[in-house]
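# Understanding the architecture of this molecule
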Amino acid sequence: LKMSWFWPYLPLHLLMVTRLCHSIKAPTSSSQQSFKTNLFNFYHSLILADGKETTVHLLKDIPKRYYFVLEEGRVLAPFSITVTPCDVPIEWSILVYKPPPDFPGKAMPGDHDTQEASKSQKAPSMVPTIFSYKGNSVETYMGMSSHSALYLLEFLSTERDTHITVYLTTDTTSGHLYPELPMDPRIDVIGVGHTTVTLTWKHSPSVLQHRESIQYCLLVNEKHNYKSLCAAETAIRSSGMKLPPTLALSLSPYLLEPQQVMILSNSELSIINKVSSGEVRQVCVGTKNTYTVPNLSPSTQYYFDVFIVNLLTNASAAYTGTFARTLEEPEPKVTELKDGKVIHVVLDGKKHKFYSLQYQARHKKIHFTFQLCQGQIRLHITRNGKTVASENLSGLRYLSLKGKLLDTYLVQLRSTEESNSSVKVQASPHFHKPLFPLLPESLKIKSFSKLRTCRSVTIAWLGTQEESKYCVYRKRIEEDQIWRELQGADRCSGPESRHKSEKVLCKYFYDLNLQRAVTTETIKGLEAGTFYLFDVYLFGPSGIPVRYHSKVVKTRKKC
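Scope of this entry: the structure provided in the associated data block. Note that this is a predicted model, so its numbers are computed, not measured. Each chain has its residues counted from 1, following the order in which its sequence is written. Reporting of local features is limited, given that this is a predicted model, to residues whose pLDDT is at least 70; pairs of side-chain atoms are given and counted only at 80 or more, and all residues count toward the totals for whole chains, interfaces and linings. Calculation of side-chain values draws on the structure's entire complement of heavy atoms; hydrogens and water are dropped beforehand.

## Regarding the pattern of salt bridges
As a reminder of what qualifies: Take a side-chain nitrogen of Lys or Arg and a carboxyl oxygen of Asp or Glu: if they are within 4 Å of each other, that pair is a salt bridge. Numbering goes from the N terminus for both helices and strands, where a helix is a DSSP run of H or I of at least four residues and a strand is a run of E of at least two. Any residue under 20% of the maximum accessible area for its type is buried, any over 50% is exposed, and the rest in between are partly exposed; the area is computed with a 1.4 Å probe on protein chains only.
Applying the stated criterion across every chain yields a total of 13 salt bridges. K475 is the partner of E485 in a salt bridge, and the nearest nitrogen-oxygen pair spans 3.1 Å. Of this pair, E485 sits in helix 6 (residues 482-487) while K475 is found in strand 31 (residues 468-477), placing the two residues 10 residues apart along the sequence. For K475, a relative accessible area of 28% puts it in the partly exposed group. Taken together, the shared-partner salt bridges connect R498, E502, D535 and R547 into one network.

So, in structure tokens, the structure goes:
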């Protein structure tokens, strides 16, 4: 039978089945049902495209069938079929129908001469199944046939509705749709830290041949390994969020869902998907075959999968996944607080870790003082393991706590900003020996717009009932420096950090009537149309200054 004879007649598989019917004598009762089943299968099959990846949607417990015919005129016809389950395990098999060499072929069904001749011919050779598989791994069948033949593929999902991809090719000489995996496709873990894991893997032969269109993509999650990129994408979608187009297809920007975070650094695009079972992180790293995964949680098991992706076709191949557990976080170092001693603590905003201070009480009443210098800080205090204070620090904060002798206090501080934060801390049982001066109700500096001139500015600030020293400083700045100066100012730094030329004056004052504890000062000798930064420092008995909130004022351009 010459396969080209079929093409002018539609449908192809119906005609072939009809010829099979004419060639077979009345089947026996034992084979009758099997024959009818095979006939039914062909009538309900679809053509499988050659050289193209086909997405097949499967309904639970309902088989789906595709067929293809090998090319005519080739002595040996090689072909391969790759099936990628995108979710649950499936069952699939290949059946082949081969007619005998002398099977008649050029008459239409119903031709009397053909029917008579077929009686004396040998019946077609029907091999029910040449390959079958059950599972969720990517599986490839490679075959070679010396006869023209019709192949039937049958797919079945018994767990739930799902989808798969199927790739058939009869052209094995013009390259592969899927990138090639190395002989050893394992991922090696070469380093494990508290928050990092370093991985390496063998280069794909496809990277060496098509470097510009091939890249590696890494997937990290806390649940399990995925045997294909298709399966990983399905799992993320099933968690209740929409996945963007396959990460490897393009690094061009696209809209992310609210549960996703995109990070672009060092030419690496990371997408972190916030799902109920933890983070699923995707990172495309170009053609590098070593990568350190950052920002992991300590003492947590992670699963790592590497996919080699063809950017032109979006086809991918999966390395053998691996897993690793990050190291346990070491016990934080605890610094002892001593009576009356001031400790300056600098917190790294990127690490988001608590800095711990411990104090053992020698009196029943303890006074804590915190002066926020930079950034934003979260404070947490426990006494013998029980929380007694938890708040965000702002400016200068006094806390008086009453307990028992030898109570143990643990003070924990953490930056709530990405940038560094700092704070000064003191613990003391003697409140009558304060570290900082008595403070006014407000640390704001006020300027009077009506009193501004081209050469002078008038400012005012509140004082206290206690005689104290106040020093005023000024600094000329540009307009684009205002935000940086106001936000980045170290509120714990004293006049010693300022240039001598910035000092304007120092003065003492107080008033027993707080309503009148206000002082003003006119700063002269300024330039017209210029921005100036003004600071006031308050000094108490201990000599440690408190800095008022900086004030920026612009002199008038014309007077």
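## Regarding the sheet that holds strand 28 (residues 421-428)
Definition in use: One requirement defines pairing of two strands: DSSP has to find at least two bridges between them. Between the N-to-C directions of two axes lies an angle of 0 to 180 degrees, each axis being a line fitted to C-alpha atoms and, for a helix, fitted only over the stretch in contact.
Reading across the sheet, the 4 strands line up as 21-28-23-26 and stay open at both edges, with antiparallel pairing between neighbours. Lying at the two open borders of the sheet, with one neighbouring strand each, are strand 21 (342-347) and strand 26 (396-402). Averaged over all adjacent pairs, the angle separating strand axes in this sheet is 20 degrees, with direction ignored. Summarising the sheet, strand 23 (residues 365-374) and strand 28 pair through 7 bridges and their orientation is antiparallel. Within strand 28, the position partnered with Q371 by the bridge is K424.

## Quick word on the state of the cysteines
We apply this condition: Disulfides are defined in this document as cysteine sulfur pairs within 2.5 Å.
Tallying each qualifying case throughout the model produces 5 disulfides. Each sulfur in the disulfide pair C373 and C492 lies 1.7 Å from the other. Here the S-S torsion is close to -85 degrees, and the disulfide linking C373 with C492 is therefore left-handed. Note that C373 is positioned in strand 23 and C492 in the loop between helix 6 and strand 32 (503-509), a separation of 119 residues in sequence. According to the relative accessible area criterion, C373 is buried, its value standing at 0%. According to the relative accessible area criterion, C492 is buried, its value standing at 7%. Covalently, C471 is tied to C506 through a disulfide, its sulfur atoms 2.0 Å apart. Measuring the twist about the S-S bond at about 105 degrees, one finds the C471-C506 disulfide to be right-handed. Separated by 35 residues along the polypeptide, C471 in strand 31 and C506 in strand 32 bring together distant segments of the chain. Counting its disulfide-bonded cysteines in sequence order, the protein shows a connectivity of 1-3, 2-4, 5-8, 6-10, 7-9.

## Examining unusual backbone geometry
It is generally the case that most residues other than glycine have a negative phi and that most peptide bonds are trans. A positive phi is found at S299, a non-glycine position, where the angle reads about 50 degrees. Here S299 shows up in the loop between strand 16 (290-293) and strand 17 (301-310). Despite not being glycine, N384 shows a phi value in the positive range, around 55 degrees. Among the secondary structure elements, N384 is positioned in the loop between strand 24 (377-383) and strand 25 (386-392).

## Notes on the sheet that holds strand 22 (residues 355-360)
Read from one edge to the other, the open sheet built from 5 strands follows the order 20-22-27-24-25, with strand pairing classed as mixed. Only two strands of the sheet have a single partner each, and these edge strands are strand 20 (334-336) and strand 25. Strand after strand, the sheet turns through a mean of 20 degrees between neighbouring axes, direction not considered. As defined by bridge partners, strand 24 adjoins strand 27 (residues 408-415) across 7 bridges and the pair is classed as antiparallel. Across the sheet, residue I377 finds its bridge partner in strand 27, namely S415.

## A look at the packing of aromatic side chains
The condition that has to hold: Between 30 and 60 degrees the pair is tilted, below 30 it is stacked and above 60 it is edge-to-face, where a pair is any two Phe, Tyr or Trp rings, Trp via its six-membered ring, whose centres lie within 6.5 Å. Here, over-ring charges are defined by two tests on the NZ atom of lysine or the CZ atom of arginine: distance to the ring centre within 6 Å, and angle to the ring normal within 35 degrees.
Using the criterion set out here, one finds 20 aromatic pairs in the structure. For the pair Y167 and Y178, a centre-to-centre distance of 5.5 Å together with 85 degrees between the ring planes defines the contact as edge-to-face. Of this pair, Y167 sits in strand 9 (residues 162-169) while Y178 is found in the loop between strand 9 and strand 10 (187-192), placing the two residues 11 residues apart along the sequence. Owing to a relative accessible area of 15%, Y178 belongs among the buried residues under this scheme. When the ring of W461 is compared with that of Y470, the centres are 6.3 Å apart and the planes differ by 45 degrees; the resulting orientation is tilted. Summarising the burial analysis for this pair, W461 and Y470 share the class buried. What links up through ring pairs into an aromatic cluster is the set Y66, F68, F79, W92, F131, Y141, Y151 and F155. The side chain of K469 reaches across the aromatic face of F539, ending 5.5 Å from its centre. Over the face of the ring belonging to F509 we find K507, whose NZ or CZ atom lies 6.0 Å from the ring centre.

So far we have only geometry, and geometry alone does not tell us how the molecule works.
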